[in-house]
Amino acid sequence: MKSPFLSSAPLANDLGLLFLRIVSGAVMLTHGYPKFQKVLQGNLKFGDPIGLGEVPSLYLSTFAEFLCAILVIVGLYTRLSLIPLIINMSVAFFIAHSADDFGTKEKSLLFLGMFIVIFLTGSGRFSIDNRLNK
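Parameters at a glance
- Residues numbered from 1 in each chain as written.
- Predicted model: local features only at pLDDT ≥ 70, side-chain atom pairs only at ≥ 80, totals over all residues.
- Heavy atoms only, no water.
- Helix = DSSP H or I, 4+ residues; strand = E, 2+ residues; numbered from the N terminus.
- Buried < 20%, exposed > 50% of the residue type's maximum accessible area, 1.4 Å probe, protein only.
- Contact = heavy atoms within 4.5 Å.
- Areas by Shrake-Rupley, 256 points an atom, 1.4 Å probe, with all protein chains shown as cover.
- Lys, Arg positive; Asp, Glu negative; His and termini not counted.
- Charge placed at Lys NZ, Arg CZ, Asp CG, Glu CD.
- Patch = residues over 30% accessible without salt bridge, like charges linked within 9 Å, V, L, I, M, F, W, Y side chains within 5 Å.
- Salt bridge = Lys/Arg side-chain N within 4 Å of Asp/Glu carboxyl O.
- Phe/Tyr/Trp six-rings, centres within 6.5 Å; stacked < 30°, edge-to-face > 60°.
- Lys NZ or Arg CZ within 6 Å of the ring centre and 35° of its normal.

Caption draft 1: A look at the overall build of the protein. Check the secondary structure of the protein and you find five helices and zero strands. Reading the protein from its N terminus to its C terminus gives the helix and strand order α-α-α-α-α. Taken along the three principal axes of its C-alpha coordinates, the protein extends 60 × 35 × 20 Å. Residues counted as buried form 31% of the 134 residues belonging to the protein. Counting contacts in the protein only where the partners sit at least 6 residues apart, residues at least 24 apart contribute 63% of the total. When the accessible area of the protein is evaluated, it comes to approximately 8,100 Å², of which 70% is carbon and sulfur surface. When the 11 basic and 8 acidic side-chain charges of the protein are each reduced to a single mean position, those positions are 12 Å apart.

Okay, here's the thing in structure tokens:
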């Protein structure tokens, strides 16, 4: 007898990708929205982890964590949108929080892992990308 817990049916895979996209993108928005508000208010103080300057670093981080997160949630240009998010989380984990204890930087590693999985697998059937490819 075939166990439903051991199979990887296409519907289950697509639902799993949908859930992963929505959760990772929505939680990332909780980091991106405050940065977006900072930009709108003209408060451009931000870290400069890779030497680009505070303002470009804030703009790039806001672009990734706000706009790209929304695109990942809806599944539009998903793989392209994940590139800034993967870079952003790599900088957060490997550079900005490199000296921090693991408990502080583990969130960025979890995001990095989720974004890499979605990048490798694609957005799945329940995405705008899938509709555009038909």
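Here the narrative resumes, following the displayed structure.
Caption draft 2: Local environment of a nonpolar patch on the surface. A contiguous nonpolar surface patch, about 660 Å² in accessible area, is contributed by Val74, Tyr77, Leu80, Ile83, Ile87, Ile128 and Leu132. The set of elements that each furnish at least two residues to the nonpolar patch consists of helix H3 (78-96) and helix H5 (128-132). With three residues, the top contributor of residues to the nonpolar patch is H3. Here valine 74 lies in helix H2 (residues 54-74).

Caption draft 3: Looking closely at the packing of aromatic side chains. The final tally for this structure, using the stated rule, is four aromatic pairs. Judged by centre distance (4.9 Å) and plane angle (85°), the ring pair of phenylalanine 93 and phenylalanine 94 falls under edge-to-face. When the ring of phenylalanine 111 is compared with that of phenylalanine 115, the centres are 5.8 Å apart and the planes differ by 20°; the resulting orientation is stacked. Separated by four residues within a single helix, phenylalanine 111 and phenylalanine 115 lie in helix H4 (residues 102-121), roughly one turn from each other. Judged by relative accessible area, phenylalanine 115 falls into the buried class, the value being 0%. Taken together, the aromatic side chains of Tyr33, Phe36 and Phe66 make up a single cluster linked through ring pairs. Sitting over the ring of phenylalanine 93, lysine 105 keeps its end group 5.1 Å from the ring centre.

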